[in-house]
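What follows is each chain in one-letter form.
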Amino acid sequence: MSNENQNEGGASAPIKMTQAPVPGAPESPFAGVEAPKEVDPQQVRQMSPLEPELAGQPLQETDFPTPGNEPQPQAEDVPPVEDGKTAPVAAEQEQPAADADQQERPLWPGLPKQADSTTVRQDFETYYPSTSSGVADPAQGELLILPSDTNKRFDQYDNGRPNEELTTESEQHWAQTLMDGELTRPVNEQFDPAVEREGADWAQAIQKDGHTLMAARPRLNSPGEQMLTGTRAVHRVRALLGLGSIIWVPLWESGFWMAFRAPAEGELLDLLRRLSDEKITLGRRTYGLAFANSSSFISRDLLEFAIAHQHDCTLKPELDPRKFIRVHDLQTIAWAMACVVFPKGFQYSRSVLTGEGTEKREVKGLLNVSKLQFVDRSRLSEWQINHMSKRVGNTMTSDMMERYQAEFKTGERRIELEENLFMVLAVPTADQYLESGAKWIDGIADMVDRAFQQPPSDEARDRYISHRGKSTVMRQFGHWVKSLIEVNGDQEIVYDKPETVDQLLDTLSEVDHIRKKYFEEVHKYIDDTTVSVIATPTVDESEEMKLPRYPHLVPIDAQYTFFTLLAQKNSRVAARMAL
């Protein structure tokens, strides 16, 4: 992943291996393609619509002898020099011994088996392993390449294994799958501290009064029962054909339930084209930071698309869900759309982290996407759980929403940026996030247009937009900043008007140590306020089907995942149209 995608955070360490790219990698639909092209489904791998870049291969360290410390032969080891002959060179005498030492070096065994998690319980299966041989076949349906293991374990593996040369086709495929899986993670290891925090209680569902609170599909009449007509009949037929129907999902961060209906195939492709036609390139170039303004153009289009396909909601009819959806739940909504579009799941593949000299293996199968939401029960009060147990009827009021969101144990946070200068962080709504992102991006674009007087497609204009975005980089998370406070003796001056906060963040972006602390604290606050994540559990190499199990969680970027799968669907439709 390119440094441009990291912004003020550490880039993931590149993988220490030598491999060739998989041939036939398809072009991203976000590269300006105006119409679907005919493709070979056999060549479709994990297509990214967001154009991630892979880091170059690092140079490997080599041990060299320090001058003066070279090994010297002992006097008794040096044979006498015969008349007329040259004495043997000491380095040549010791070379065979060095080769022998190299051959006797034990192979690296790989990572030890991971202990069970003490903060995660899995009660519903997510992986359905395949018994067929070979790698996953994209021709059989959409394919998601998953991370191999937790970020911590991946780094341990990358730092511990030697620099092997991968020569066979299967080894190169394993290496490519390993790297592709890393693209599915959130950038900057976002959410990793949340799923590993001490005292957490992550689970796929919460039990309340005999009811299981988790995503579920409504029951439609079976044959012989009351006849279905109209929309309900269409939903039943779509469900029977595996084309998607309706799903109810809990928005644990926001405090209500939403039901979404499956969009038609043409509507999905229209969504992809709208994103492809975006004229502002800032978002595409810096996409990846969770809930950052540079990602807001994707969140905006996806949220509007989801609202357009809302089937029902537990809010009172006069309330607009956009006003109450907290920014964390944008990941939940992206996942919900994947659930309705892929009701039977989709293929997954991931590389197994192996020891040196052992066979490079991949595991594959079917991923049950509707079971990928995990909620931390330790962060919810009894009142909040009682509130979320009301899944029938449009009964939830704005007062109930206000109380639910106020009940969270992690509320606003005051941070000292500099002596006598503080900021107050608060979780924004989706509306605040999208408004902040549009204002920042549009402001940069307008300024560049006035300065350059050039058309939107001009490359120089795009580069300058990206440059201006970096110079005001603290605005990436301006929607998380409720106010800035200046302390002057016994007095505090509070700057809480959005325009003023934006201007101050632009100015503070120039100060290195403030900017560094700002990003550290915002990322930490996002993790600390995270109650629900979309994640895959780790399992052992055998993909053991035993429940309950206590795996560690690997967070995935639900928005990236949804559009990756959507890009593959676009290519499959194009191939179908060419038949």
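As a starting point, this report considers the structure included with it. (Residues numbered from 1 in each chain as written. Predicted model: local features only at pLDDT ≥ 70, side-chain atom pairs only at ≥ 80, totals over all residues. Heavy atoms only, no water.)

**A few points about the packing of aromatic side chains**
Here is step 1: Scanning the entire structure with this criterion turns up eight aromatic pairs.
Here is step 2: Considering the side-chain rings of Phe342 and Phe346, the 5.5 Å spacing of their centres and the 80 degrees angle between planes classify their relative orientation as edge-to-face. Each of the two residues, Phe342 as well as Phe346, counts as buried.
Here is step 3: Ring geometry for Tyr404 against Phe408: centres 5.5 Å apart, planes inclined by 85 degrees, an arrangement best described as edge-to-face. No difference in accessibility class separates Tyr404 from Phe408, as the two residues are buried.
Here is step 4: Among the aromatic side chains, those forming a connected cluster through ring pairs are Phe477, Tyr518 and Phe519. (Phe/Tyr/Trp six-rings, centres within 6.5 Å; stacked < 30°, edge-to-face > 60°. Buried < 20%, exposed > 50% of the residue type's maximum accessible area, 1.4 Å probe, protein only.)

**Focus on the sheet that holds strand S10 (residues 256-261)**
Here is step 1: A sheet is described by the order of its strands in space; here three strands give the open sequence S9-S10-S11, paired in antiparallel fashion. Strands with a single pairing partner mark the edges of an open sheet, and in this sheet they are strand S9 (246-251) and strand S11 (310-313). Averaged over all adjacent pairs, the angle separating strand axes in this sheet is 25 degrees, with direction ignored.
Here is step 2: Direction of pairing for S10 relative to S11: antiparallel, over a ladder of three bridges. Among the inter-strand pairings, Met258 is bridged to a residue of S11, identified as Cys313. (Pairing = 2+ DSSP bridges. Helix = DSSP H or I, 4+ residues; strand = E, 2+ residues; numbered from the N terminus. Axes fitted to C-alpha atoms, helices over the stretch in contact; angles between N-to-C directions.)

**A closer look at the environment of Val539**
Here is step 1: One can find Val539 in the loop between strand S19 (532-537) and strand S20 (553-555).
Here is step 2: Remark: the alpha-carbon pair of Val539 and Asp116, spanning 423 residues in sequence, is separated by 9.9 Å.
Here is step 3: If near-sequence neighbours (up to four positions away) are discounted, Val539 is found in contact with Tyr127, Arg350 and Arg549. (Contact = heavy atoms within 4.5 Å.)

**Points about helix H14 (residues 498-508)**
Here is step 1: Within the sequence span of H14, burial applies to Val501, Asp502, Leu505 and Leu508. Seen from one end, H14 has its buried residues packed into an arc of 130 degrees, which puts them on one side. (Arc of directions from axis to C-beta.)

**Considering the nonpolar core**
Here is step 1: Core analysis: the biggest nonpolar cluster contains 91 residues, and Trp202, Phe256, Phe260, Trp335, Met423, Tyr518 and Phe562 have the highest contact counts within it.
Here is step 2: It is helix H9 (residues 329-341) that contributes the most residues to this core, ten residues altogether.
Here is step 3: With 14 residues, the next largest nonpolar core counts Leu213, Trp252, Val375 and Ile385 among its residues. (Core = buried A, V, L, I, M, F, W, Y, C linked by side-chain atoms within 4.5 Å.)

**Description of unusual backbone geometry**
Excluding glycine, residues mostly carry a negative phi; peptide bonds, for their part, are mostly trans.
Here is step 1: Following Leu547, the chain continues into Pro548 via a peptide bond in cis, with omega recorded as -5 degrees.
Here is step 2: Mapped onto the elements, Pro548 comes out in the loop between S19 and S20.
Here is step 3: Non-glycine residue Asn188 carries a positive phi angle of around 65 degrees.
Here is step 4: Mapped onto the fold, Asn188 is located in the loop between helix H3 (169-182) and helix H4 (192-196).
Here is step 5: For Asn188, a relative accessible area of 18% gives the class buried.
Here is step 6: Positive phi is not limited to glycine here, since Asn420 has a value of about 70 degrees.

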